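Topology and contacts: notes
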Amino acid sequence: MFTGRLTWLTEGQTVIWSLFAFYSPSDRGGYLRPHVSYDLTDQWRAEFGGNIFFGQEEHTFFGQFEDKNNIYVALR
């Protein structure tokens, strides 16, 4: 299993771009979690992201969730 995270802060650290990834070479599948957040004020943050699963076989851990991809929006 390989994992990794890339994070990039822009606009004076008010915008955060992030990508978190898992990959399993034995199952030939994985999971991506892209995420963007924007600090509107010191108290409010807007967020957008998603969960993306991929896999060669339906019986593998990540392959069983391939149809469960989703996106989300949040205001905190």
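In this report, the structure presented in the accompanying data block is examined. Keep in mind the model is a prediction, meaning the values are calculated, not measured.

What follows is about the sheet that holds strand β1 (residues 2-10). With antiparallel pairing, five strands are arranged side by side in an open sheet as β1-β2-β3-β4-β5. For this open sheet the edge positions go to β1 and β5 (70-75), each flanked by a neighbour on one side alone. Adjacent strand axes in the sheet meet at a mean angle of 10 degrees when their direction is disregarded. When β1 meets strand β2 (residues 15-24), the two strands line up antiparallel, connected through nine bridges. For Thr10, the partnering residue across the bridge sits in β2 and is Val15.

Tallied over the entire structure, the rule returns two salt bridges. For Arg45, the salt bridge goes to Asp39, with nearest N and O atoms at 2.7 Å. Arg45 gets classed as partly exposed once you look at its relative accessible area, which sits at 30%. The salt bridge involving Glu47 is made with Arg76; its shortest N-O contact spans 3.1 Å. In this pair, Glu47 is assigned in strand β4 (residues 45-55) and Arg76 in the segment after β5, connecting sequence segments 29 residues apart.

What counts and how
- Residues numbered from 1 in each chain as written.
- Predicted model: local features only at pLDDT ≥ 70, side-chain atom pairs only at ≥ 80, totals over all residues.
- Heavy atoms only, no water.
- Pairing = 2+ DSSP bridges.
- Helix = DSSP H or I, 4+ residues; strand = E, 2+ residues; numbered from the N terminus.
- Axes fitted to C-alpha atoms, helices over the stretch in contact; angles between N-to-C directions.
- Salt bridge = Lys/Arg side-chain N within 4 Å of Asp/Glu carboxyl O.
- Buried < 20%, exposed > 50% of the residue type's maximum accessible area, 1.4 Å probe, protein only.

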